[in-house]
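Spelled out, the chains give:
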Amino acid sequence: YIAGVVIVSLSTISFAVADALPAGWPFTGWCLLMRLVQGFGSALEETAAYALIADVDPERVSFLLGITEMSTGLGYMVGPPLGGWLFSIGGFRTPFLLLGVLLLPAAALIHQRVPPELCRQEALEKHEDGERDVPLGDLLRNPQILLIAVASVLANSDYA
């Protein structure tokens, strides 16, 4: 989860330099690349968020996922006008720098509040039948899972 938030943060900050690039393909290529990186980070973050919610409170998973989806929808509603307002008061770089910088303390706070060792230990205790965790590399070698992962990255790139 933390890696996804940090990737989204850094790629959002990187959008600010697009203003200094020449018009045409350099600007377009940079923006496309940063948007794809944002989509990748967002896919990591969103997938991990759903898993964390299910792990932390399995009895209220539907309720907590509903809150998560409401928050996402609220971000999609508030984001464009807020970005436009920040652009009007500070120029092209301001929305990207501000959002990107604000995501870093959020990632640190989440890291502090949700210690990975605790969640991992609880997950291991739940495995009664001896199941093991599957490494990401093994999952991505499966063509169906790789296709789903690529589709998720592209879909998340399209949202914002």
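Everything here concerns the structure above.
Here's what I pulled together on the structure shown here.

How each quantity is defined
Residues numbered from 1 in each chain as written. Predicted model: local features only at pLDDT ≥ 70, side-chain atom pairs only at ≥ 80, totals over all residues. Heavy atoms only, no water. Helix = DSSP H or I, 4+ residues; strand = E, 2+ residues; numbered from the N terminus. Buried < 20%, exposed > 50% of the residue type's maximum accessible area, 1.4 Å probe, protein only. Contact = heavy atoms within 4.5 Å. Areas by Shrake-Rupley, 256 points an atom, 1.4 Å probe, with all protein chains shown as cover. Expected span 1.5 Å × (residues − 1). Salt bridge = Lys/Arg side-chain N within 4 Å of Asp/Glu carboxyl O. Arc of directions from axis to C-beta. Axes fitted to C-alpha atoms, helices over the stretch in contact; angles between N-to-C directions. Parallel < 35°, antiparallel > 145°, perpendicular 65-115°, else oblique. Left-handed = near helix turned anticlockwise from the far one by under 90°. Nonpolar A, V, L, I, M, F, W, Y, C, P; charged D, E, K, R; others polar. Phe/Tyr/Trp six-rings, centres within 6.5 Å; stacked < 30°, edge-to-face > 60°.

## A short note on the overall build of the protein chain
A tally of helices and strands in the protein chain yields seven helices and zero strands. The order of α-helices and β-strands along the protein chain, N terminus first, is α-α-α-α-α-α-α. With 160 residues in all, the protein chain has 21% of them scored as buried. For the protein chain, contacts bridging at least 24 residues in sequence account for 67% of all contacts bridging at least 6. With the model as given, the accessible surface of the protein chain reaches about 10,800 Å², and the carbon-plus-sulfur share is 71%.

## A look at helix H1 (residues 2–15)
Between its terminal C-alpha atoms H1 stretches 20 Å, which fits the 20 Å expected from 14 residues at 1.5 Å a residue. Restricting attention to buried positions, one finds in H1 the residues Gly4, Val5, Val8, Ser9, Ser11, Thr12 and Phe15. Considering only its buried residues, H1 is in contact with helix H2 (25–56) and helix H4 (93–113).

## So, the environment of Leu65
With respect to the helices and strands, Leu65 occurs in helix H3 (residues 61–90). On the accessibility criterion, Leu65 (28% relative accessible area) is partly exposed. Residues Leu65 and Tyr50, spaced 15 residues apart in sequence, show a C-alpha to C-alpha distance of 7.0 Å. Beyond its immediate chain neighbours, meaning those up to four positions away, Leu65 contacts Tyr50 and Ile53.

## Focus: the pattern of salt bridges
Enumeration according to the criterion identifies one salt bridge in this entry. Ionic pairing is found between Arg93 and Asp19, a salt bridge with its closest N-O pair at 4.0 Å. With Arg93 in helix H4 and Asp19 in the loop between H1 and H2, the pair connects residues that are 74 residues apart, well separated along the chain.

## Digging into H4
Because each turn of an α-helix spans 3.6 residues, side chains separated by three or four positions end up pointing in the same direction. Between its first and last C-alpha, H4 extends 31 Å over 21 residues, near the 30 Å set by a 1.5 Å rise per residue. Of all the positions in H4, only Pro95, Gly100 and Ala107 are classed as buried. For H4, the arc enclosing every buried residue in end-on projection is 110°, short of the 170-degree limit, so these residues lie on one face. Facing away from the buried surface of H4 by more than 90 degrees, the exposed residues are Leu102, Gln112 and Arg113. Structurally, H4 contributes buried residues whose contacts are with H1 and H3.

## Some details on the environment of Phe87
Mapping Phe87 onto the fold places it in helix H3. Its relative accessible area of 48% is what places Phe87 among the partly exposed residues.

## Observations regarding the packing of H1 against H4
Where H1 meets H4, the axes come as close as 7 Å, and the angle between the chain directions of the two elements is 165°. Between H1 and H4, the crossing angle belongs to the class labelled roughly antiparallel. For the pair H1 and H4, the sense of crossing is left-handed. Listed contacts from H4 to Ile2, Val5, Val6, Val8, Ser9, Thr12, Ile13 and Phe15 of H1 are Phe96, Leu97, Leu99, Gly100, Val101, Leu103, Leu104, Ala107, Ile110 and His111. For the contact of H1 with H4, a count of residues per class yields 14 nonpolar, four polar and no charged.

## Some words on the side chain of Gln38
When you line up the elements, Gln38 lands in helix H2. Judged by its relative accessible area of 12%, Gln38 is buried. Excluding anything up to four places from it in sequence, Gln38 contacts Val8, Ser11, Thr12 and Phe15.

## Re the packing of aromatic side chains
Going through the model one piece at a time under the given rule, you end up with three aromatic pairs. Geometrically, the ring pair formed by Phe27 and Phe92 is tilted, given 6.4 Å between the ring centres and 55° between the ring planes. In this pair, Phe27 is assigned in helix H2 and Phe92 in the loop between H3 and H4, connecting sequence segments 65 residues apart. Joined through ring pairs, the aromatic side chains of Phe15, Phe27, Phe92 and Phe96 make up one cluster.

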